[in-house]
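Chain residues, written in single-letter form:
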Amino acid sequence: MYDNNYSSVSLSEMDYLDVKNLAQTGEGTYLEFKRTIPSAFKIAREIAAFANTRGGTLLIGVDDDCSLVGVAGYQEEEYLLKKAAEELCRPKVDIAIEIVHFGERDLLVIKVPELTEKPVFVKTEEGNIVFMREEDRNKVASKELIEIIKKRNSDEGVTFEYGKNEQTLFRYLNEYGEITVKKFAHLVDIPRRKASATLVNLVSADILNLFRKKNTDYFTYSRKCENEY
């Protein structure tokens, strides 16, 4: 739990022109900006998505057209940022909150690190959700991607069986190039859960890659193995 009376805001080494130039690059994988913080939950999604991907920077006080408008005072924003990072994100994310003076207003620069302890969940009334950063948007991670993240951050090794189902899978990929969990389950006539576990293990073993297209997860050969099967 954070201390409402303790401020962790520090004066940034960036100045007004630095923030302006950064904002002009536009939102992307590593940058997001907002005029104000709408709610702790919405900013928690941004923080978690950066922490689950490669880290990033949030600019508060920047409009959608990249113009700098600032905020009247940073205390409310600081409160929401701390609540988002320390209460709504699990595990909590140690963000750095910096301030840039902008006339009588302020700009906030929030630096979000990539966490080694992944995935970072966001607490909601419906349960815990994992967000990932994809270009300039935050996307909800699928169950398969969450399991892949867990396995990649686990000390346990990854093993898989090269059996009949895997042989059928590789023949299909050789012909069509990509497959979904649903299609694989139907192809080899196994429950979706088992199909999911098989594909997750193959991604974790760096034999397959997972990519997202039109809100659907697809699996294809990794570059390392695309010529081996």
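Our subject is the structure listed above.
Rules and cut-offs
Residues numbered from 1 in each chain as written. Predicted model: local features only at pLDDT ≥ 70, side-chain atom pairs only at ≥ 80, totals over all residues. Heavy atoms only, no water. Helix = DSSP H or I, 4+ residues; strand = E, 2+ residues; numbered from the N terminus. Expected span 1.5 Å × (residues − 1). Buried < 20%, exposed > 50% of the residue type's maximum accessible area, 1.4 Å probe, protein only. Contact = heavy atoms within 4.5 Å. Pairing = 2+ DSSP bridges. Core = buried A, V, L, I, M, F, W, Y, C linked by side-chain atoms within 4.5 Å. Phe/Tyr/Trp six-rings, centres within 6.5 Å; stacked < 30°, edge-to-face > 60°.

Here we come to helix α5 (residues 164–176). With 13 residues, α5 should cover 18 Å at 1.5 Å per step; its first-to-last C-alpha distance of 18 Å lies within 8% of that length. Residues of α5 that are buried: Glu-166, Thr-168, Leu-169, Phe-170, Tyr-172 and Leu-173. Contact partners of the buried residues in α5: α6 (181–188), α7 (192–204), β10 (208–213) and β11 (216–221). Once α5 finishes, Gly-177 follows within two positions and takes phi at roughly 90°, a positive value.

This next bit is on the pairing of strand β8 (residues 127–134). Where strand β7 (residues 121–124) meets β8, four bridges bridge the pair, whose relative direction is antiparallel. Paired with Val-122 across the strands is Ile-129, a residue of β8. The hairpin formed by β7 and β8 contains two residues between the paired strands. In this structure, β8 lies alongside strand β9 (residues 137–140), joined through four bridges in antiparallel fashion. Residue pairing in the sheet places Met-132 in a bridge with Lys-139 of β9.

We now examine the nonpolar core. Ile-47, Leu-81, Val-93, Ile-95, Ile-110 and Val-112 are the most contacted members of the largest nonpolar core, which totals 30 residues. Among the elements of the structure, α2 (40–52), β3 (56–60), α3 (75–88), β5 (96–102) and β6 (105–112) are those that each provide at least two residues to this core. Counting residues per element, this core draws most heavily on α2, at eight residues. In this structure Val-93 touches Ile-47, Ala-51, Ala-85, Val-112, Pro-113, Leu-115 and Val-120, once residues within four positions along its chain are discounted. Counting residues in each nonpolar core, the second largest holds 20 residues, with Ile-148, Leu-169, Phe-170 and Ala-185 among its members.

Quick look at the packing of aromatic side chains now. Scanning the model with the defined rule gives five aromatic pairs in all. Summarising the aromatic geometry, the rings of Tyr-16 and Phe-102 are spaced 5.2 Å apart at their centres and angled 10° between planes, so their arrangement reads as stacked. Here the residue Tyr-16 occupies a position in helix α1 (residues 16–24), and Phe-102 occupies one in strand β5, the gap between them amounting to 86 residues. Using a relative accessible area of 22% as the deciding quantity, one classes Phe-102 as partly exposed. Judged by centre distance (6.0 Å) and plane angle (35°), the ring pair of Phe-170 and Tyr-221 falls under tilted.

We now examine the sheet that holds β8. What the four strands build is an open sheet, ordered β4-β7-β8-β9; its pairing is antiparallel. With one partner strand each, in any of the chains shown, β4 (89–90) and β9 form the two edges of the open sheet.

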